[in-house]
Amino acid sequence: MEKKNIDWANLGFGYIVTDKRFVSNYRNGAWDEGGLTEDATVTISECAGVLQYAQTIFEGLKAYTTEKGETVIFRPDLNAERMEQSAKRLEMPVYPKDKFVDAIVETVRANSAYVPPYGTGATLYVRPYMFGSSEVIGVKPAQEYQFRVFTTPVGAYFKGGAKPLTIKVSDFDRAAPNGTGHIKAGLNYAMSLHAIVTAHEEGFDENMYLDPRTRTKVEETGGANFLFVTKDKKVVVPKSSSILPSITRRSLVHVAKEYLGLEVEEREVLFDEVKEFAEAGLCGTAAVISPVGKIVNHGEEICIPSGMADMGPVTKELYDTLTGIQMGRIEAPEGWIKVVE
Ligand code: PLP
Ligand code: COI
């Protein structure tokens, strides 16, 4: 299919309306067949559960053009599983895994003219989401839901691409100890908006949230998990019940161990340890791996030894291997790549 006339190499992380999106409705206890539509708008009651009590969850994944010219999607089954966890936590119906993956494939195929060509640095971001669509006024779950998937071509999440970021240690919490930090609920992102606007106004790129109970351990940012590298090249990723189980981070742990032969520790990471690390990065679908150069805690600067000019060497190896797998330059582990026929 002929590609759209888009300046792929200069795309930022924004919304561009594409041709088709998938919609399925849940009524009377069952999902309908669902299908593609050209209508990019949603019409719902003024009293819909999503509007009154924020009953909404979402996912994020990407489609790529490989070196061979195929369109592929990275690990959509894991997004289906995580959305199932999110749905259960917010008392929403589960959208079945097989149907989820089919809906992603169908939506990407229908928008193949927007899948950025190989080598442009851009990708097609895929956003599945679900919300309570029926009226709710007493605090309770909606009876009806809508599941949708749209796509939008994107470039780097952070302006400057691979330039190391400066992170602020936030005084705000994004998640409560037994709250919803481990699922992908819209409410977590609403919680982080004031903190990110404040951080940006102060000249920071992102926030580091600490654990909400003791504020001594590293959690994550508003949209990505952390990854650290020790001076002896061990990869360390924070473990916590209130962070999102990033699919990128889980994939990088596998890549580090199985492709690069690195030792990996998944464990609680004290904020006090951060000054000892050699490299730091943010990992996520949107962030890929974005290097961190500096972390600032109330004016006290921690300068990561890899510096403010480039990614650290281990971060770079992880980045090259993961993106190599996604773009078809490196053989993927079994089941990681879904080809869109
Ligand atoms: N943490 C948060 C809060 C996120 O929003 C995201 C993005 O999805 C991630 C981590 C990274 O997760 P994934 O790698 O599955 O995209
Ligand atoms: C993603 O990486 O898919 C996310 O959902 C992060 C979001 C903040 C854009």
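Residues numbered from 1 in each chain as written. Chains lettered and ligands numbered in written order. Predicted model: local features only at pLDDT ≥ 70, side-chain atom pairs only at ≥ 80, totals over all residues. Heavy atoms only, no water.

A. Spotlight on the pattern of salt bridges. Scanning all chains against the criterion turns up 16 salt bridges. A salt bridge links Arg-215 to Asp-173, with the nearest nitrogen and oxygen atoms 3.0 Å apart. Residue Arg-215 is found in the loop between strand E10 (206-208) and strand E11 (225-229), and its partner Asp-173 is found in the loop between strand E9 (165-169) and helix H4 (186-201); the two are separated by 42 residues along the sequence. Note on Arg-215: relative accessible area 31%, which makes it partly exposed. (Salt bridge = Lys/Arg side-chain N within 4 Å of Asp/Glu carboxyl O. Helix = DSSP H or I, 4+ residues; strand = E, 2+ residues; numbered from the N terminus. Buried < 20%, exposed > 50% of the residue type's maximum accessible area, 1.4 Å probe, protein only.)

B. The arrangement of the site of ligand 1 in detail. Neighbouring ligand 1 are 17 residues, the closest being Tyr-189, Glu-220, Ser-246, Thr-248 and Thr-285. A distance of 2.5 Å separates a nitrogen atom of ligand 1 from a polar atom in the side chain of Glu-220. Between ligand 1 and the protein, one listed contact pairs an oxygen atom with a side-chain N or O atom of Thr-248 at 2.5 Å. When the free accessible area of ligand 1 is taken as 380 Å², the share hidden by the protein chains comes to 97%. Secondary-structure elements contributing two or more residues to the shell around ligand 1 are helix H5 (247-259) and strand E14 (279-284). When the residues that make up the shell around ligand 1 are grouped by side-chain class, the tally is 5 nonpolar, 8 polar and 4 charged. (Near = heavy atom within 4 Å. Polar contact = N/O pair within 3.5 Å; in protein donor to acceptor, adjacent residues only side chain to side chain. Areas by Shrake-Rupley, 256 points an atom, 1.4 Å probe, with all protein chains shown as cover. Nonpolar A, V, L, I, M, F, W, Y, C, P; charged D, E, K, R; others polar.)

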